[in-house]
Amino acid sequence: MTDLPSAALAAVNSPGLCDARRRLIELDDAIARIRTQIATADLARQKNAKPIDPDWFHKARTALRHLCRERAELVALGTAQRRRETMKDAVIGVLRERHDEHAWAAVLAEARLRSEGEGA
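Residues numbered from 1 in each chain as written. Predicted model: local features only at pLDDT ≥ 70, side-chain atom pairs only at ≥ 80, totals over all residues. Heavy atoms only, no water.

Caption draft 1: Main features of the environment of Arg 45. The topology assignment puts Arg 45 in helix α2 (residues 19–48). Residue classification places Arg 45 among the partly exposed residues on the basis of a relative accessible area of 34%. The contact partners of Arg 45, leaving out residues within four places of it in the chain, are Lys 50, Pro 51 and Ile 52. (Helix = DSSP H or I, 4+ residues; strand = E, 2+ residues; numbered from the N terminus. Buried < 20%, exposed > 50% of the residue type's maximum accessible area, 1.4 Å probe, protein only. Contact = heavy atoms within 4.5 Å.)

Now the structure itself:
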């Protein structure tokens, strides 16, 4: 069986992931941990016939709500970035169809120069 905390840690530390993807993995792990704690507290409540500490429960649910909100914001940001990338790909496709090899090479050379200038 896979050790989940180790699996989440390995996923976060794997090379090639962008910061947003790493944060999503961290958030999913934290959300799962809080849900497990709430479920464990509920099982203990049922077994011992004692109520869950309302202050602890409120803090846990509040933390869960904030983590879910941050996760939703990251997912929405990623969706917007994917739409932007799709649009860029479509624009490149249209421009590529309208230029011959020599003109396309010139367009690519200028784009490389501009992108290298932004990175400096």
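Alright, that's what it looks like, and here's the rest.
Caption draft 2: Spotlight on the side chain of Thr 62. Along the chain, the position of Thr 62 falls in helix α3 (residues 54–98). Of note is the side chain of Thr 62, whose polar atom sits 2.8 Å from the backbone oxygen of His 58. (Polar contact = N/O pair within 3.5 Å; in protein donor to acceptor, adjacent residues only side chain to side chain.)

Caption draft 3: Focus on the pattern of salt bridges. Enumeration according to the criterion identifies 9 salt bridges in this entry. When the shortest N-O distance is used, the salt bridge between Glu 73 and Arg 69 registers 2.9 Å. Taken together, the positions of Glu 73 and Arg 69, both in helix α3 and 4 residues apart, correspond to about one turn of that helix. Exposure remark for Glu 73: the relative accessible area of 44% places this residue in the partly exposed category. On the basis of relative accessibility, which here comes to 55%, the residue Arg 69 falls in the exposed class. Here Glu 85 makes a salt bridge to Lys 88, at a shortest N to O gap of 3.8 Å. Taken together, the residues span about one helical turn, with Glu 85 and Lys 88 both in helix α3 at a distance of 3 residues. With relative accessibility at 42%, the residue Glu 85 sits in the partly exposed group. (Salt bridge = Lys/Arg side-chain N within 4 Å of Asp/Glu carboxyl O.)

Caption draft 4: How the structure looks around unusual backbone geometry. Backbone geometry at Ala 49 places phi at a positive 55°, although glycine is not the residue there. By the secondary structure assignment, Ala 49 is in the loop between α2 and α3.

Caption draft 5: Molecular detail of the nonpolar core. Leu 24, Leu 27, Ala 30, Ile 31, Ile 34, Ile 38, Ala 60, Leu 64, Leu 67 and Leu 74 together form the largest nonpolar core, which totals 10 residues. The element that contributes the greatest number of residues to this core is α2, accounting for 6 residues. Residues within four places of Ile 34 in sequence aside, it is in contact with Ala 60, Ala 63, Leu 64 and Leu 67. (Core = buried A, V, L, I, M, F, W, Y, C linked by side-chain atoms within 4.5 Å.)

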